[in-house]
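Summary of structural features
Spelled out from the first residue to the last, the chains are:
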Amino acid sequence: VPKMDPADRKRLKKNHMFLLENLEVDRVIEVLYGDERDILDDAQVQELKSKSTSRERRKALLELLPRRGPQAFQAFCDALEHDSVKQRFVLDQILGRATTPEGTRVPSAPREEAERLEEG
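Structure report, in brief. Treat the numbers as computed from the prediction; the structure is a model and nothing was measured.

Definitions and cut-offs
Sequence order as written defines residue numbering, which begins from 1 separately in each chain. Reporting of local features is limited, given that this is a predicted model, to residues whose pLDDT is at least 70; pairs of side-chain atoms are given and counted only at 80 or more, and all residues count toward the totals for whole chains, interfaces and linings. Heavy atoms from the whole structure form the basis of all side-chain values; hydrogens and water molecules are not counted. Under the scheme used here, helices are H or I runs from DSSP no shorter than 4 residues and strands are E runs no shorter than 2 residues, and both carry numbers assigned from the N terminus. Only protein chains enter the calculation, and the probe is 1.4 Å; a residue is then buried if its accessible area is under 20% of its type maximum, exposed if over 50%, and partly exposed in between. Any two residues having at least one pair of non-hydrogen atoms within 4.5 Å are treated as being in contact. Only the six-membered ring of Trp is used, alongside the rings of Phe and Tyr, when aromatic pairs are assigned; centres must lie within 6.5 Å, and planes under 30 degrees apart are stacked while those over 60 apart are edge-to-face, with the rest tilted.

Below, the discussion takes up the overall build of the chain. From N to C terminus, the chain includes eight helices and zero strands. In sequence order, the secondary structure elements of the chain are arranged as α-α-α-α-α-α-α-α. Looking at the chain as a whole, 35% of its 120 residues are labelled buried. Of the contacts made within the chain by residues no fewer than 6 positions apart, 63% connect residues no fewer than 24 positions apart.

Given below as structure tokens:
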């Protein structure tokens, strides 16, 4: 299986403690399971759900993700923004984007702002 991009792996590792504390793991697992990129299969979902605490499930997911191929990080990021998860502040943390406590973006450099407007 092709590996996750080293830069993405580093982002997960750097934010490991933050993710252990904040990740809505059960919802993220459901979204990843339903993702057409086949990030999690039946056996992996069962293994994750067998953990007795949320923290153990978070840890297991974070250990599994880097081994799930080059699309796993993007799928994880997409899951954080999914309507049933709504954890954009977690995504912003992983990607190193500044947020206010409400989770809204803090405008940064004008160039970045212009790019965001173009993306819609």
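And the narrative resumes.
As a further point, take the side chain of Arg-57. Tracing the chain through its elements places Arg-57 in helix 5 (residues 54-64). Classification of Arg-57 by relative accessible area gives buried; the value is 11%. In this structure Arg-57 touches Val-25, Asp-26, Leu-48, Lys-49, Lys-51 and Ser-52, once residues within four positions along its chain are discounted.

On to the packing of aromatic side chains. A complete count under the given rule lists one aromatic pair for this structure. Relative to Phe-89, the ring of Phe-18 has its centre 6.3 Å away and its plane inclined at 80°; by these criteria the two rings are edge-to-face. With Phe-18 in helix 2 (residues 16-22) and Phe-89 in helix 7 (residues 88-95), this pair connects stretches of sequence that are 71 residues apart. The class for Phe-18 is partly exposed, based on a relative accessible area of 22%.

Below, the discussion takes up helix 6 (residues 72-81). Because the α-helix completes a turn every 3.6 residues, residues three or four places apart line up on one side. Taken across its ten residues, helix 6 has seven buried, putting it largely inside the fold. Among all positions in helix 6, only Ala-72, Phe-73, Ala-75, Phe-76, Cys-77, Ala-79 and Leu-80 are buried. Where helix 6 is buried, its residues contact helix 1 (6-14), helix 2, helix 3 (25-34) and helix 7.

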